[in-house]
Amino acid sequence: MPQNVLFICSDQHWRDAAGCYGHPLVKTPNLDRLAARGTTFDAAYCAGPICVSTRAAMQTGRWVHQLGTWTSAEPYTGAIKGWGHRLQDEGRECLSIGKLHFRSSDDDNGFAKEGIAVHILNGVGFTSSMVRDRAVGYSSNVDFANDIGRGESRYTKYDRKVCDLSCAWLKDEAPNLDQPWTLMASFVAPHHPIVAPDEFYDLYDRDAIDMPRLRGADERPDHPVLDVAQKVWDYDTHFRDDEHIREARLSYYGYVSFLDHNVGKVLDALEASGQADNTLIIYTSDHGEMLGNHGMWAKMNMYEEASAIPLILAGPGIPEGERCAAPASHVDLHQTILKAHDLQLTQNDAGLSGVALQDLMQGNHEERGVLSEYHEIGAITGMFMLRWRNWKYIAYPGYAPQLFDLDADPIEAHDLASDPTHAETLKA
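Quantities reported herein were computed from a predicted structural model and do not represent experimental measurements. (Residues numbered from 1 in each chain as written. Predicted model: local features only at pLDDT ≥ 70, side-chain atom pairs only at ≥ 80, totals over all residues. Heavy atoms only, no water.)

Draft legend 1. The arrangement of the overall build of the protein in detail. In terms of regular secondary structure, the protein is built from 13 helices and 16 strands. At 20 Å, the protein has a C-alpha radius of gyration in line with the 22 Å of a compact globule built from 428 residues. Once the C-alpha set of the protein is aligned to its principal axes, its extents read approximately 60 × 50 × 45 Å. A fraction of 73% describes how many contacts in the protein between residues 6 or more apart in sequence connect residues 24 or more apart. For the protein, the exposed area adds up to about 16,100 Å²; of that, 49% sits on carbon and sulfur atoms. Counting 37 positive and 62 negative side-chain charges, the protein places the averaged centre of each group 2 Å from the other. (Helix = DSSP H or I, 4+ residues; strand = E, 2+ residues; numbered from the N terminus. Rg over C-alpha atoms; globule rule 2.2 N^0.38 Å. Contact = heavy atoms within 4.5 Å. Areas by Shrake-Rupley, 256 points an atom, 1.4 Å probe, with all protein chains shown as cover. Lys, Arg positive; Asp, Glu negative; His and termini not counted. Charge placed at Lys NZ, Arg CZ, Asp CG, Glu CD.)

Draft legend 2. Just the packing of helix 6 (residues 154-172) against helix 9 (residues 242-273), in detail. Contact geometry of helix 6 with helix 9 gives a least axis separation of 8 Å together with a crossing angle of 10°. With respect to helix 9, the element helix 6 is oriented roughly parallel. Contact with helix 6, carried on its side by Tyr155, Thr156, Asp159, Arg160, Cys163, Asp164, Ser166, Cys167 and Leu170, involves Tyr255, Phe258, Asn262, Lys265, Val266, Ala269, Leu270 and Ser273 of helix 9 and no other residues of that element. When grouped by side-chain class, the residues that make up the contact of helix 6 with helix 9 number 9 nonpolar, 4 polar and 4 charged. (Axes fitted to C-alpha atoms, helices over the stretch in contact; angles between N-to-C directions. Parallel < 35°, antiparallel > 145°, perpendicular 65-115°, else oblique. Nonpolar A, V, L, I, M, F, W, Y, C, P; charged D, E, K, R; others polar.)

Draft legend 3. Spotlight on the pattern of salt bridges. The tally for this structure, following the rule as stated, stands at 26 salt bridges. In this structure, the salt-bridge partner of arginine 33 is aspartate 268, at a minimum N-O distance of 2.8 Å. With arginine 33 in helix 1 (residues 29-36) and aspartate 268 in helix 9, this pair connects stretches of sequence that are 235 residues apart. You can call aspartate 268 partly exposed: its relative accessible area is 42%. Arginine 215 is the partner of aspartate 236 in a salt bridge, and the nearest nitrogen-oxygen pair spans 3.2 Å. Of the two residues, aspartate 236 is situated in the loop between helix 8 (224-232) and helix 9 and arginine 215 in the loop between helix 7 (198-201) and helix 8; the sequence distance between them amounts to 21 residues. (Salt bridge = Lys/Arg side-chain N within 4 Å of Asp/Glu carboxyl O. Buried < 20%, exposed > 50% of the residue type's maximum accessible area, 1.4 Å probe, protein only.)

Draft legend 4. Spotlight on unusual backbone geometry. Residue proline 190 is bonded to the preceding alanine 189 through a cis peptide linkage, with omega at -5°. Secondary-structure assignment places proline 190 in the loop between strand 7 (181-186) and strand 8 (194-196). Along the chain, histidine 192 connects to proline 193 via a cis peptide bond; the corresponding omega equals 10°. By secondary structure assignment, the location of proline 193 is in the loop between strand 7 and strand 8. Even without being glycine, aspartate 342 reaches a positive phi, approximately 60°. Inspection of the secondary structure assignment puts aspartate 342 in the loop between helix 11 (333-340) and helix 12 (357-360).

Draft legend 5. Main features of helix 6. With 19 residues, helix 6 extends 27 Å from end C-alpha to end C-alpha; this agrees with the ideal 27 Å at 1.5 Å per step. Tyr155, Thr156, Tyr158, Asp159, Val162, Cys163, Ser166, Cys167, Trp169 and Leu170 are the residues of helix 6 that are buried. For helix 6, the arc enclosing every buried residue in end-on projection is 170°, short of the 170-degree limit, so these residues lie on one face. Of the exposed residues in helix 6, the ones pointing more than 90 degrees away from its buried face are Arg154, Lys157, Lys161 and Lys171. Looking at the buried positions of helix 6, the neighbouring elements they touch are strand 4 (93-99), strand 5 (113-118), strand 7, strand 8 and helix 9. (Expected span 1.5 Å × (residues − 1). Arc of directions from axis to C-beta.)

Draft legend 6. Layout of the packing of aromatic side chains. The full count for this structure, using the stated rule, is 14 aromatic pairs. Here the aromatic cluster, defined as three or more aromatic residues joined through ring pairs, consists of Phe126, Tyr138, Phe144, Trp233, Tyr235, Phe239 and Trp297. The side chain of arginine 154 reaches across the aromatic face of tyrosine 155, ending 4.5 Å from its centre. Against the face of tyrosine 21 rests arginine 323, its NZ or CZ located 5.6 Å from the ring centre. (Phe/Tyr/Trp six-rings, centres within 6.5 Å; stacked < 30°, edge-to-face > 60°. Lys NZ or Arg CZ within 6 Å of the ring centre and 35° of its normal.)

This is the structure:
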């Protein structure tokens, strides 16, 4: 039987910064209750740790290298059709409210309506991101460290509107539709500026805030490609001291709790609409946030904090309170949404790598591998990540790779690529 789909997306949510992912400090009661009534994916990854690249993959079920959305100046244009186009072809209501980060709402991106959409600046985006040979930081990088604390920002105000409009649509429009619908409610939080409204900032005790791990150069693996990335994205150099860093992390945790509050309001609106029993709920983020770990902030690399994503499914037929260890990806959303709508794949879907998450959680996917890739400024060569079993392999063409055993070393403190005892794994 076809189901509705409520697809809730955030921006730059570090997977581990949620109660349901085991964080001892971050308060996310609404995501936690969603996880309790659904299945949480423990090895899910973005298609690329940058907004423009990965959001195109989310919309189409294709990898970044298949789309050509290499940088923040090469956005999705709707030319390659995705799940939204298919739903519209079938007469299903499909709309978005919030951030998309495509080229323009003038394009046919797969949504019949795009409420208060945010796209790349002037349809052009961040053109200097296409230049790989820059090896110095931007003067604007200091803003990352300075725009933190308590209060409101343009993004918190925007997210309140996304929340209100999404709740209103679920209340006023969804119950009147005679066909299954899909709503993408897309928040900007917790993307920087890292500013948390007072009530969420005040949830946290400053003295309890943890400090970044592997921040010192002598504590973490060294790599020439990442050395350049840290010079271009030199956010860490703009933090004055430990208290400054603690303020940023406290603000981020509060910002995540603000996001969680808005997610909760949308979930409550779905319940009140009478549609919850026939709606698949998806929660994910476009990529993560380093938050000072490994001496890095933001994303733009393949460490877990940047490339891993939170991913939760709940609704009819989804096992409750379960966890899925199989690698998952943004490219799986295409099949997942079509399966919820009881639609078969077509010739246009031939060759796609994605697996419906409803099927992935059933098992028999132990040998699956998923990719993530990054190509823009800060990367002097391509970064390609493969997650397979307990292993993470990162290829840097022209340079040595990295290899991590995530079971034994979940914080990626030990690069095993040069260890002769792992030569066969590296070769595989």
